[in-house]
Amino acid sequence: LFDGVYPFYPQQRKAAVFDIRTIIVIVVFLTLACSFLLIIPGIRGRARLYWTLRVLLSLFVGVVIVVVQFTGDWETGWVQANTSYKSFSPVQVNADIGLHIGLAGVNITLRGNPVNQINETINYNEHFPWNFGADYDRSYSKGLEKGLPSPILYVAEKFSTQSPCAVHRQYRIAGHYASAMLWVAFCTWIISNILFSMPVLVYGGYMLLVTGAFMIFSLLSFSTVRNSPMCPIQIGTGTLHVAYGGSFWLMLAIGLLCFVTGITIVAMHHLNLDLLKAFFDLHEDKAEEYQETPEVFVNPHFVNKAL
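Residues numbered from 1 in each chain as written. Predicted model: local features only at pLDDT ≥ 70, side-chain atom pairs only at ≥ 80, totals over all residues. Heavy atoms only, no water.

Let us now look at the UniProt feature "transmembrane region" (unreviewed entry) in the protein. UniProt records the feature "transmembrane region" (unreviewed entry) at residues 20-39, 51-70, 177-196, 203-222 and 242-267, using the numbering of this structure. End C-alpha atoms of residues 177-196 are separated by 29 Å, and the span's content is 100% helix alongside 0% strand. For residues 203-222, helix accounts for 100% and strand for 0%, while the C-alpha atoms at its two ends are 29 Å apart. (UniProt positions renumbered as here; feature names shortened; annotations may be inferred. Helix = DSSP H or I, 4+ residues; strand = E, 2+ residues; numbered from the N terminus.)

In structure tokens form, the structure reads like this:
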């Protein structure tokens with residue numbers, strides 16, 4: 001107790017909506033997209049449509065690969081329950097408790113129903129990192145010192161290294177390898193774009209297949225956490241269950257898209273190479289390849305003599 005009052009935030013903190021790193025990545029890719037849209041009027045004919053489709057689709061794949069590194073919804077779960085709000089206090093509140101698991105840590109959300117209860121604003125979103133270089137237990141200890149709400153501390157304790165659930169190591173390693181796979185996929189995505197700008201389209205298709213493969217490998221790496229049973233998270237009369245979130249399914253969709261696109265490019269290379277070159281604006285203009293010969297005056301005397 002501090003002057004007879006339970007320790008808590010001197011000022012209520014608002015829940016975070018977006019991660020700053022996510023916003024930076026999105027702004028960078030939007031800048032590239034806008035720069036391309038400024039120069040697209042200079043492209044003539046159907047090539048304008050082909051360029052727009054290729055560039056915007058490629059930028060979308062790239063931004064997804066990078067953004068999901070920082071998102072916190074690879075696994076998500078929500079539960080609504082009547083629960084105690086502060087430690088050593090009988091006061092209970094009705095709130096939504098959310099669990100958002102990412103590659104680098106876990107976000108725990110507490111939002112009251114309604115938000116204003118017991119003369120306080122109940123709207124929290126706390127992040128506890130477990131990526132290499134971060135100390136999860138230290139973040140949890142700081143939460144105890146701050147006096148975070150009891151539901152947040154209860155859920156955060158399930159992922160600590162001292163918890164009998166023993167899921168901290170699995171999530172940390174799985175997230176680390178999934179992140180490494182995605183960075184490799186980002187590198188292969190860059191290489192594929194370089195190859196598509198050269199007359200070696202089939203190798204760009206192969207590299208796109210490699211990109212999709214590393215995306216799927218990242219999903220398989222993260223899915224290994226399902227091998228260890230999750231401790232039940234009982235809050236009040238409700239149980240918090242987690243399932244794969246938006247980032248997981250988005251990465252799966254983009255990985256399959258890369259597979260389909262890569263297979264299509266490789267197939268077109270063997271079936272209709274001219275159409276493939278036309279789509280990538282690499283077809284050779286016959287008029288330029290075989291330039292018209294200048295007008296020639298022939299002496300009929302020499303022609304008859306040769307015959």
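The next thing to look at is the packing of aromatic side chains. Overall, the coordinates contain 16 aromatic pairs when judged by the stated rule. With a centroid separation of 5.9 Å and an interplanar angle of 45°, the aromatic rings of phenylalanine 128 and tyrosine 136 are classed as tilted. Each member of the pair, phenylalanine 128 as well as tyrosine 136, carries the same accessibility label: buried. Relative to phenylalanine 217, the ring of phenylalanine 214 lies with its centre 5.9 Å away and its plane at 85°, an arrangement referred to as edge-to-face. Of this pair, phenylalanine 214 and phenylalanine 217 both sit in helix α6 (residues 201-223), 3 residues apart, roughly one helical turn. Over the aromatic face of tryptophan 51 sits the side chain of arginine 54, whose NZ or CZ is 4.4 Å from the ring centroid. (Phe/Tyr/Trp six-rings, centres within 6.5 Å; stacked < 30°, edge-to-face > 60°. Buried < 20%, exposed > 50% of the residue type's maximum accessible area, 1.4 Å probe, protein only. Lys NZ or Arg CZ within 6 Å of the ring centre and 35° of its normal.)

Our next topic: the sheet that holds strand β7 (residues 243-244). Taken in spatial order, the 5 strands of this open sheet run β4-β3-β2-β1-β7, and their pairing is antiparallel. With partners counted over all chains shown, the strands left at the sheet margins are β4 (120-129) and β7, one partner each. Where strand β2 (residues 92-101) meets strand β3 (residues 105-117), 7 bridges bridge the pair, whose relative direction is antiparallel. Across the sheet, residue isoleucine 101 finds its bridge partner in β3, namely valine 106. Across the sheet, helix α3 (residues 136-146) lies against β3 and β4, angled at about 160° from β4, the strand it touches most. (Pairing = 2+ DSSP bridges. Contact = heavy atoms within 4.5 Å. Axes fitted to C-alpha atoms, helices over the stretch in contact; angles between N-to-C directions.)

It is worth spelling out unusual backbone geometry at this point. Cis geometry is adopted by the peptide bond preceding proline 114, which originates at asparagine 113 and carries an omega value of 0°. With a phi angle near 45°, isoleucine 118 is a residue other than glycine that sits in the positive phi range. If you trace the backbone, isoleucine 118 turns up in the loop between β3 and β4.

All right, on to the confidence of the model for the protein then. Chain-level statistics for the protein give a pLDDT mean of 82 and a share of 86% at 70 or above. Within the protein, no element has a lower average pLDDT than helix α9 (residues 286-289), which sits at 40, and none a higher one than α6, at 92. Contacts for the low-pLDDT stretch residues 285-293, under 50 throughout, to residues beyond four places or in other chains number 1 contact. (pLDDT = per-residue confidence, 0-100.)

Right, let's get into the nonpolar core. Residues Trp74, Leu99 and Phe159 are the most contacted members of the largest nonpolar core, which totals 68 residues. For this core, the leading source of residues is helix α2 (residues 47-67), giving 9 residues. Leaving out residues up to four positions away in the same chain, leucine 99 has contacts with Glu75, Thr76, Gly77, Val106, Asn107, Ile108, Val155, Phe159, Ile233, Leu240 and Val242. (Core = buried A, V, L, I, M, F, W, Y, C linked by side-chain atoms within 4.5 Å.)

A full pass over the atoms with the stated rule returns 1 disulfide. With its sulfur 2.2 Å from that of its partner, cysteine 165 forms a disulfide with cysteine 231. Across the disulfide from cysteine 165 to cysteine 231, rotation about the S-S bond amounts to roughly -130°, and the bridge is consequently left-handed. Within this pair, whereas cysteine 165 is found in the loop between α4 (150-157) and α5 (168-196), its partner cysteine 231 is found in the loop between α6 and β5 (233-235), the two being separated by 66 residues in sequence. Under the relative-accessibility criterion, cysteine 231 is labelled partly exposed at 22%. (Disulfide = S-S within 2.5 Å.)

Mapped onto the fold, serine 150 is located in helix α4. Of the residues examined, serine 150 reaches a relative accessible area of 16% and is grouped as buried. Once you skip the residues sitting within four places of it in the chain, serine 150 turns out to touch Ser84, Tyr85, Lys86 and Ser87.

In this section: the pattern of salt bridges. Summed over all chains, the structure comprises 1 salt bridge. Of the charged contacts, one joins glutamate 120 and lysine 86 as a salt bridge, the two residues approaching to 2.9 Å between their closest N and O atoms. Placement of the pair is glutamate 120 in strand β4 and lysine 86 in the loop between β1 (75-84) and β2, with a sequence separation of 34 residues. Residue glutamate 120 is classed as buried on the basis of its relative accessible area of 17%. (Salt bridge = Lys/Arg side-chain N within 4 Å of Asp/Glu carboxyl O.)

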